[in-house]
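Reading the structure
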Amino acid sequence: FVSYEFIAFTIALFVLYYLLPKKWQWPLLLIASYAFYWIANPYYLIFIGTTTVTAFFAGVMMEKAQDKCDLAIKTAKADGSYSTDLKKSLKAKAKSSKWRILLLSMLFNLGILAVTKYTNFVITNINKFLSDGAALKAVDILVPMGISFYTFQTVSYLIDTYRGTTKAEKNPFKLALFVSFFPQLVQGPISRYGDLSKTLFAEHKFSEKTFTFG
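Report on the accompanying structure. Along every chain, residues carry numbers that run from 1 in the direction the sequence is written. Where totals are concerned, whole chains, interfaces and linings use all residues; where local detail is concerned, this predicted model gives features only for residues with pLDDT of at least 70, and gives and counts side-chain atom pairs only at 80 or more. Processing note: side-chain calculations cover all non-hydrogen atoms of the structure and skip hydrogens and water entirely.

The next thing to look at is the pattern of salt bridges. Definition used for salt bridges: Asp or Glu carboxyl oxygen within 4 Å of a side-chain nitrogen of Lys or Arg. If you walk through the whole model with that rule in mind, you get three salt bridges. Note that Glu63 and Lys167 form a salt bridge whose closest N and O atoms lie 3.9 Å from each other. Linking Glu63 in helix α3 (residues 44-79) with Lys167 in the loop between α5 (147-163) and α6 (172-180), this pair joins segments that are 104 residues apart in sequence. Judged by its relative accessible area of 10%, Glu63 falls in the buried class. Glu63 is paired through a salt bridge with Lys170; the nearest N and O atoms lie 2.2 Å apart. Of this pair, Glu63 sits in helix α3 while Lys170 sits in the loop between α5 and α6, placing them 107 residues apart in sequence. When salt bridges with common partners are traced through the structure, they connect Glu63, Lys167 and Lys170 into a single cluster. Note on conventions: DSSP H or I runs of at least 4 residues are helices, E runs of at least 2 residues are strands, and numbering of each starts at the N terminus. Any residue under 20% of the maximum accessible area for its type is buried, any over 50% is exposed, and the rest in between are partly exposed; the area is computed with a 1.4 Å probe on protein chains only.

Below, the structure is given as structure tokens:
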């Protein structure tokens, strides 16, 4: 972030963003975000890509479980087999299924964060209680840039999808942009999908007033 190259990168992106047809604005941001990550370290793309893919399928699966429940209730009302107990049973089953998907996806992604970022921290603290001869060696492990921020942002999306406050994103590339949006990648803030998506995927005209204020 603190380099002339970053300034040049940002200016070029800014100009292209308003020169391209508006429908290409958010795809450009996605390309730029992944290019930014690739320039930092190509291996980082494996981590952020894995997080995005698992979150995408988890969100879709949770929504399908809820849709299946809603359809079953609707069908029961139509054929006369509906009852309050049946409704409660179907909703409980859907909630249980969604909870399992949420838990597995969160454990997987938070596990990646824990292993990459805190393995050596744990080793350092264990070594405080060991003699020099028994001390554990630090692990040479890659810590992806911004992993804390994009992991917790992804978790917020999964929780909102589980609660039903956010619809699962059916376009994996749009979710990829939400996870990887580079201006907030290192220092946040952690945004909710329902808030940030309204800005990311909207078509924007150049505004001199807004640019000057910014």
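Having seen the structure, we can now continue with the description.
Nonpolar side chains collect at one region of the surface, where Tyr4, Ile7, Ile11, Phe14, Val15, Tyr18, Leu19, Phe206 and Phe211 lie side by side and expose about 970 Å² of accessible area between them. Here the nonpolar patch gets seven residues from one element, more than from any other, and that element is helix α1 (residues 4-19). As for its position among the elements, Tyr4 is in helix α1. Candidate patch residues must exceed 30% relative accessible area and have no salt bridge, after which like charges are joined if within 9 Å and Val, Leu, Ile, Met, Phe, Trp or Tyr side chains if within 5 Å. For the accessible areas, the method is Shrake-Rupley and the probe is 1.4 Å, while residue cover comes only from the protein chains on display.

This part is about the layout of surface pockets. Points on a 1 Å grid over protein atoms alone make up a cavity when a 1.4 Å probe fits among them but cannot get out, and a pocket when they form an open set with protein on both sides within 12 Å along at least five of seven lines; lining residues each have an atom within 4 Å of a point. Grid points are joined across faces, edges and corners, and a volume is the space filled by probe spheres set on the points. Here the largest pocket defines a volume of roughly 690 Å³. Within the residue set of the lining of the largest pocket, elements represented by two or more residues are α1, α7 (193-200) and α8 (208-213). Of all the elements, α1 adds the most residues to the lining of the largest pocket, at seven residues. Its residues placed into classes, the lining of the largest pocket shows 14 nonpolar, six polar and one charged. Three classes are used, and their members are as follows: Ala, Val, Leu, Ile, Met, Phe, Trp, Tyr, Cys and Pro are nonpolar, Asp, Glu, Lys and Arg are charged, and the others, Gly among them, are polar.

With that out of the way, let us pick up the packing of helix α2 (residues 25-40) against α6. As a packed pair, α2 and α6 sit with axes 9 Å apart at the nearest point and diverge in direction by 50°. Between α2 and α6, the crossing angle belongs to the class labelled oblique. For the element pair α2 and α6, the recorded crossing hand is left-handed. Residue-level contacts link Trp26, Leu29, Leu30, Ser33 and Tyr34 of α2 to Phe173, Lys174, Ala176, Leu177 and Ser180 of α6. Whenever a helix is involved, its axis is fitted only over the stretch in contact; in every case the axis is a line through C-alpha atoms, and angles between N-to-C directions fall within 0 to 180 degrees. The labels follow the angle: roughly parallel below 35 degrees, roughly antiparallel above 145, roughly perpendicular from 65 to 115, and oblique for the rest. Note on convention: the crossing is left-handed when the near helix lies turned anticlockwise from the far helix by less than a right angle, right-handed when the turn is clockwise. We call two residues in contact whenever any of their non-hydrogen atoms come within 4.5 Å of each other.

Note that all results are geometric; they support no functional claim without further evidence.
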